[in-house]
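# Fold and contact review
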Amino acid sequence: MTLQPISRGDAECVARIIKLQHMRILIADDSIVSRHLLDATLRRWGYEVVIACDGNEAWRILQAEDAPKIAILDWMMPGLTGPEVCSRVRANLKDKDLYTYILLLSSKSQREDLIEGMESGADDYLTKPFDQHELQVRLRPGLRIIQLQHELITAREELRDQATKDFLTSIWNRSSILDILNRELQRGVREGRPVGLVLADLDHFKSVNDTYGHFAGDAVLREFVRRMAGSIRPYDAIGRYGGEEFLIVLPGCDPDVTEKQAERMRMALAIEPMFFNEESKLVTCSFGATTWVKGMDPAEEALIRVADDALYRAKRQGRNRVVFLPASTPEVPAEPVAAGKRKPGEK
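Summary of the structure given here. Note that the structure is predicted; figures quoted are calculated from it, not measured. Sequence order sets the numbering: in each chain, residues are counted from 1 along the sequence as written. In keeping with the predicted nature of the model, local features appear solely for residues at pLDDT of at least 70, side-chain atom pairs appear and are counted solely at 80 or more, and the whole-chain, interface and lining totals rest on all residues. Derived side-chain values reflect all non-hydrogen atoms in the structure, with water molecules and hydrogen atoms excluded from consideration.

## With respect to helix α6 (residues 132–164)
What sets the pattern is the α-helix's 3.6 residues per turn: residues three or four places apart point alike. To qualify as a helix, a DSSP run of H or I must reach at least 4 residues; to qualify as a strand, a run of E must reach at least 2; elements of each kind are numbered from the N terminus. Here the expected span of a helix is defined as 1.5 Å times the quantity of residues minus one. The end-to-end C-alpha separation of α6 is 48 Å, in line with the 48 Å expected for 33 residues at 1.5 Å each. The largest bend in α6 amounts to roughly 25° and is located at Leu139, with the proline Pro141 lying one to four residues further along. Those residues of α6 lying buried are Glu134, Leu135, Val137, Arg138, Leu139, Arg140, Gly142, Leu143, Ile146, Gln147 and Gln149. Two or three places before His133, at the start of α6, stands the capping residue Asp131, its side-chain oxygen 3.0 Å from that residue's backbone nitrogen. The term bend refers to the angle at a residue between two fitted axes, each drawn through seven residues, those ending there and those starting there. Any residue under 20% of the maximum accessible area for its type is buried, any over 50% is exposed, and the rest in between are partly exposed; the area is computed with a 1.4 Å probe on protein chains only. Pairs of N or O atoms within 3.5 Å make up the polar contacts considered here, provided that, within protein, one atom can donate a hydrogen while the other can accept it, and that residues adjacent in sequence are counted only when both atoms are side-chain atoms.

Structure (C-alpha cells):
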C-alpha cells in the first residue's frame, strides 16, 4: 500500500476536527516504551490521550459514556487482547451514534493475522515499530468518520427541533405539548399523581401588533416565554397552543398548587413592563387552570375544554387574572373556542 502524504489543507482540516471535538484518543499497550512514544506523538498533534496498560482496562474505559471515540489497541496485551476488545466493543454497541474508530497495533504482518484483526471489528491496523507519518495517515479516516457522525447527529437534532418546537419561541409546538400532556396523564393514572393544566392567553395582543408592528409582537411572545420558563420547574412543560395562546403542563400539581403556580406566572409577566420600539408597555395575560386528579377520566380534550372555559371567564372578568375550575364539573362555553381565538372584543 502506498501512503499518500497529508496535504497542508488536510492537515489543517484534521487540526480543526481535533479542536472541534476536543478529541480524546485511547492508547492501550502493555509496553511502557510504546505507550510513551504514542502518548508524546499524539499530544503533540493536539489529542487528549487516555492510557490503558492492558486489555481489561481498555475495555472498561471504552464502556464509559464519555469513552474516547478513537482507540489504538496493541494486539497482544495482558487480560483481553486487542482483537478481543474490538469484538466486545462491536458486540456491545448500544448506541449507534457512539461509534468507536479502532486501530490495531501489532508486530504481526502476516496476511492471515491482519484478516483476523479486521474481522474482529478493527477499522485499520498499524505494524510495530510504527512510523509517525503512517500513523497520521491511518488516523485520518477515523477523524473524517467522527466529523461526519457529528454533522449527521447535529442535522438530525435540528430536524427533530423543527418537527417538535415552535419556530418563533423555541418552545414545544402544539402537537408536541399535547403529546406531553397525554404522557403525563397516563403517568398520573399509573402513579396516582395529579396533573395541573394551564391555558394562558396574552391580553390585547392584537393591539400590540396593530400599534407597534408584528416584529414587536414577536418580541412580546419571546419575552413572555422567557418569563414563563423562569417561573416553572425544569420538569414542567410549556408549548405554543395557537397564536398568543400557550399551554402549560404541571406534573404532580394538585388544584391548590396549580392555581398558585398560575398566579406566579401571571405575576412574572405583570410585575414589569416590556420594552420594544424604544417604548415600555405593561403586557398582561389571562390564565385558565384546572387539574386532573386520581379517579377522573384522563381525557385530554375534556381537560383542555375546562381550562379553556376558565380562561374565557378570566377574560370576561377583566383579564390579567387567574381563574381555576375543577375538572370534575366542567362548564362548556355556549360557543366552543378554537385555539388562539376568542369572541370579538375578548382579547
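## What to know about the sheet that holds strand β3 (residues 70–74)
Judged by pairing direction, the sheet is parallel, and its five strands sit side by side in the order β2-β1-β3-β4-β5 without closing on themselves. The open sheet is flanked by β2 (48–52) and β5 (124–127), the only strands paired with a single partner. On average, adjacent strands in this sheet sit at an angle of 20° to one another, irrespective of strand direction. DSSP calls a pair of strands paired once it identifies at least 2 bridges connecting them. Judged from the four bridges that link them, strand β4 (residues 101–106) and β5 form a sheet pairing that is parallel. Bridging across to β5, Leu103 finds its partner in Asp124. Where helix α2 (residues 32–44) meets the sheet, it contacts β1 (24–28), β2, β3 and β4, and its direction lies at approximately 165° from that of β2. Think of each axis as a best-fit line through the C-alpha atoms, taken over the contacting stretch in the case of a helix, with angles from 0 to 180 degrees between the N-to-C directions. Throughout, a residue-residue contact means that at least one pair of heavy atoms, one from each residue, lies within 4.5 Å.

## As for the packing of helix α7 (residues 174–191) against helix α11 (residues 300–316)
Contact pair α7 / α11: the axes reach a minimum separation of 10 Å and the direction vectors enclose 110°. Classed by the angle they form, the pair α7 and α11 counts as roughly perpendicular. In the packing of α7 onto α11, the handedness of the crossing is right-handed. Residues Leu178, Leu181, Asn182 and Leu185 of α7 pack against Glu300, Leu303 and Ile304 of α11. Just so you know the grouping, Ala, Val, Leu, Ile, Met, Phe, Trp, Tyr, Cys and Pro go in nonpolar, Asp, Glu, Lys and Arg go in charged, and all remaining residues, Gly too, go in polar. Residues of the contact of α7 with α11, tallied by class, amount to five nonpolar, one polar and one charged. To sort the angles, those under 35 degrees are grouped as roughly parallel, those over 145 as roughly antiparallel, those from 65 to 115 as roughly perpendicular, and the leftovers as oblique. Should the near helix be turned counterclockwise from the far one by less than a right angle, the crossing is left-handed, whereas a clockwise turn marks it as right-handed.

## Section: the pairing of β3
For β3, a buried count of five out of five residues is recorded, marking the element as mostly surrounded by other parts of the structure. Judged by which residues are buried, β3 turns out to be covered on both faces: Ile70, Ile72 and Asp74 on one side and Ala71 and Leu73 on the other are all buried. In terms of strand pairing, β1 meets β3 through four bridges, oriented parallel. Across the sheet, the residue bridging to Ile27 is Ile72, located in β3. Pairing between β3 and β4: five bridges, direction parallel. What sits directly across from Ile70, in β4, is Tyr101.

## What to know about the packing of aromatic side chains
The pairing test for Phe, Tyr and Trp rings, Trp by its six-membered ring, is centres within 6.5 Å, and the orientation test on the planes gives stacked under 30 degrees, edge-to-face over 60, and tilted for anything in between. Going through the model one piece at a time under the given rule, you end up with one aromatic pair. Where Phe224 meets Phe246, the ring centres are 4.7 Å apart and the plane angle is 40°; that geometry is what we call tilted. Residue Phe224 is located in helix α9 (residues 214–229), and its partner Phe246 is located in strand β8 (residues 245–251); the two are separated by 22 residues in the primary sequence. Two thresholds decide whether a charge sits over a ring: the Lys NZ or Arg CZ must be within 6 Å of the ring centre and within 35 degrees of the ring normal. Looking at Arg138, its charged tip hangs above the ring of Tyr125, at a distance of 5.0 Å from the centre. Above the face of the Tyr241 ring, Arg174 is positioned so that its terminal group lies 4.2 Å from the ring centre.

## Some remarks on the environment of Asp254
Following the sequence through the fold, Asp254 ends up in the loop between β8 and α10 (255–270). Owing to a relative accessible area of 33%, Asp254 belongs among the partly exposed residues under this scheme. For the pair Asp254 and Thr291, spaced 37 residues apart in sequence, the C-alpha to C-alpha distance is 6.4 Å. When residues no more than four places from it in sequence are discounted, the contact partners of Asp254 are Pro194 and Thr291. A polar contact of 2.8 Å, which involves the side chain of Asp254, links it to the backbone nitrogen of Val257.

## A word on the packing of helix α8 (residues 205–212) against α9
When two helices pack together, you describe them by how their axes are tilted relative to each other and by the distance separating the axes. Where α8 meets α9, the axes come as close as 6 Å, and the angle between the chain directions of the two elements is 140°. Classed by the angle they form, the pair α8 and α9 counts as oblique. For the pair α8 and α9, contact is made by Phe205, Val208, Asn209 and Tyr212 and by His214, Ala216, Gly217, Val220 and Leu221, respectively. Among the residues forming the contact of α8 with α9, the class breakdown is six nonpolar, three polar and no charged.

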